[in-house]
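# Architecture and fold: a report
Listed below, chain by chain, are the residues.
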Amino acid sequence: MERSLLEGLSHRVFQAGDTVFREGEVGNCAYLIEQGRVEISTLCDGIRMVLAEMGPGDLFGEMAIIDGRPRTATVTALEATRLMIVSQAQIRARLHDADPVLRLLLTVVLERFRHSKETLSGSLPEPALTTLPTADRGDAIARMVLESELQRALEQNEFELFYQPIFDLGDRSDHGIAGFEALLRWRHPERGLLGPGHFIDVAEQSVLCGAIGRWVISEACRRQAQFAAAGGEQVYLSINLSARQFTEDDFAGQLAAIVQATGADPGRLTLEITERLLLDFESAQVRIEQCRAQGFQIALDDFGTGYSSLSCLHRLPIDTLKIDRSFVNAMLQESHGMSIIRAVLDLAHNLGMRAVAEGIELPAELAALRELKCGYGQGFLLARPLPLAEALARLQAGQSAAA
Ligand code: C2E
Ligand code: CA
Ligand code: CA
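Residues numbered from 1 in each chain as written. Chains lettered and ligands numbered in written order. Predicted model: local features only at pLDDT ≥ 70, side-chain atom pairs only at ≥ 80, totals over all residues. Heavy atoms only, no water.

### Notes on the site of ligand 1
Heads up, the condition is: Any residue with a heavy atom lying within 4 Å of a molecule or strand is counted as near it. Any N or O atom pair separated by 3.5 Å or less is treated as a polar contact, with the protein-specific requirement of one donor-capable and one acceptor-capable atom, and with residues adjacent in sequence counted only for side-chain atom pairs. Note that accessible areas follow from Shrake-Rupley with a 1.4 Å probe, and for residues the cover is restricted to the protein chains shown. The secondary structure listing takes helices from DSSP runs of H or I that are at least 4 residues long and strands from runs of E that are at least 2 residues long, numbered from the N terminus. Each residue is assigned to one class: nonpolar for Ala, Val, Leu, Ile, Met, Phe, Trp, Tyr, Cys and Pro, charged for Asp, Glu, Lys and Arg, and polar for all the others, Gly among them.
The environment of ligand 1 is formed by 22 residues, the closest being Arg185, Asn240, Asp301, Glu361 and Phe380. The separation between an oxygen atom of ligand 1 and a polar side-chain atom of aspartate 302 is 3.2 Å. With the chains in place, 79% of the 800 Å² that ligand 1 exposes on its own is no longer accessible. Every element with two or more residues in the shell around ligand 1 is listed here: β10 (177-188), α6 (200-205) and β14 (297-303). With 4 residues, the single largest contributor to the shell around ligand 1 is β10. Split into classes, the residues belonging to the shell around ligand 1 amount to 9 nonpolar, 5 polar and 8 charged.

### Points about the packing of helix α7 (residues 209-231) against helix α9 (residues 251-262)
To be explicit about the condition: Only the contacting stretch of a helix is used when fitting its axis, a line to C-alpha atoms as for every element, and angles between N-to-C directions run 0 to 180 degrees. The crossing is said to be left-handed when, going from far helix to near helix, the turn is anticlockwise and less than a right angle, and right-handed when the turn is clockwise. Here, two residues are considered to be in contact whenever any of their heavy atoms come within 4.5 Å of each other.
Interhelical geometry of α7 versus α9 gives an angle of 35 degrees and a closest axis separation of 9 Å. Here α7 runs over α9; the crossing is right-handed. In this structure, α7 uses Arg214, Ile217, Ser218, Cys221 and Arg222 to contact α9, whose residues at the interface are Phe251, Gln254, Leu255, Ile258 and Thr262.

### Observations concerning the coordination of the calcium ion (ligand 3)
Selection criterion: A 2.8 Å cut-off from the metal defines N, O and S donors, relaxed to 3.2 Å for Na, K and Ca; water is not in the atom list, so some sites may appear incomplete. Residue burial is assigned from relative accessible area. The probe radius is 1.4 Å, only protein chains are included, and a residue is buried under 20% of its type maximum, exposed over 50%, and partly exposed in between.
Ligation of the calcium ion (ligand 3) by protein atoms is provided by Asp301 (OD), Asp302 (OD), Glu358 (OE) and Glu358 (OE), these donors lying 2.2 to 2.5 Å from the ion. Donor residues binding the calcium ion (ligand 3) come from one chain and are separated in sequence as D-D-x55-E. If you look at the calcium ion (ligand 3) and the calcium ion (ligand 2), they sit 3.8 Å from each other and are both ligated by aspartate 301. For aspartate 302, a relative accessible area of 25% gives the class partly exposed.

### Quick word on the coordination of the calcium ion (ligand 2)
In this structure, Glu181 (OE), Asn240 (OD1), Glu272 (OE) and Asp301 (OD) serve as the protein donors to the calcium ion (ligand 2), at separations of 2.1 to 2.3 Å. Sequence spacing among the residues donating to the calcium ion (ligand 2) works out to E-x58-N-x31-E-x28-D. The class of glutamate 272 is buried, set by a relative accessible area of 1%.

### A closer look at the sheet that holds strand β5 (residues 47-54)
Consider a sheet: its strands pair through backbone hydrogen bonds, and that pairing is either parallel or antiparallel. Note the threshold: Strand pairing requires that DSSP identify at least two bridges connecting the strands.
With antiparallel pairing, 4 strands are arranged side by side in an open sheet as β2-β7-β4-β5. The open sheet terminates on both sides in strands that have one partner only, identified here as β2 (19-21) and β5. Each strand axis lies, on average, 30 degrees off the axis of its neighbour in the sheet, ignoring direction. With 2 bridges joining them, β2 and strand β7 (residues 74-77) adopt antiparallel strand pairing. Its bridge partner being in β7, threonine 19 is matched across the sheet by threonine 76.

As structure tokens, this is what we get:
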């Protein structure tokens, strides 16, 4: 009955003494009190007990929506009351989008509450209609386990940076390493060497995001002098930043502190950010300018896969566009593949940015990129990400071969 009354309505008005819903009914919405007051009560051994009184701004009736169980209390208006309806779909959509660990915690808390209430009242638990599916529960628990493992990894120094050479494509000898992209690896004691695909999402959503990000920047800064010694002052290192890290309040301050502590040369360090950050254009602009003021260069990573508005690009002091692998791979396979790369290269050149093509795997891709005068490239064809010692050795070998 509640459903038919509610359809098409966003508000309901009750007079003093009216019942909003009764214990045991199936719920299909929650309510936000706009005006007036309500009383929440429950029957205990046949005696009505008042659990709470609520007023403007309070939300009630959400529990039955979250776990699909019947209403556990009766709500009565104490005076003329106007309620805004929060639909089942609104609540479920938010639950669906929420962090899985948060969803699990919410479900556990609610189950505990229901269980305690049923134990106290001596009734048998009602079966839940929408508790968290086992797969979701497993996923949430796996995330929590991974988070504690990541914490240990930081403490035990299990993280490592690999370095993938970025080549100057104008140098036909393939010895022309212009720089390296630092890529995070985890030397897991049981699972071996893990790439970021195994952990970066969980890391970025957890409290460890800042600490891991700072570790990456510090490690790259510490190693920079070794790269300069092996390959000359002009060799640069490129560091990946997560959106969350880049938008931290004191990010520029952290960066300055790391540079000071490590003695790194920011002029030879590039910070890779993704287009997603540009959605909040004003904030991105300020942050990019703060990094550039310290001497860092900025690269826009995975260019073409995000939402950056081309009309804004020229207003940002970005030094490098990194053309996403998907475009490089489509270049020779799809009819417009080549035109897209050409357009991106034109855009980069016209805006005075350098272009780096990512994910070059085939000789034909390399040849085509050279033909199109793409300045820089990286990919498995040229070199895979290498551990520090191998990256330095490769740089030295390239220097001697070119000499
Ligand atoms: P990305 O920034 O786009 O990095 C390039 C990824 O492509 C690397 O994967 C690299 O190994 C891979 N790659 C390079 N050349 C080729 C190729 O020719 N073919 C193919 N199929 N792949 C190629 P990796 O190291 O697994 O990193 C994956 C992503 O994880 C990175 O994508 C980046 O978004 C993220 N990541 C890596 N290190 C860090 C880090 O220190 N901090 C943050 N926040 N994210 C990182
Ligand atoms: Ca990158
Ligand atoms: Ca990329």
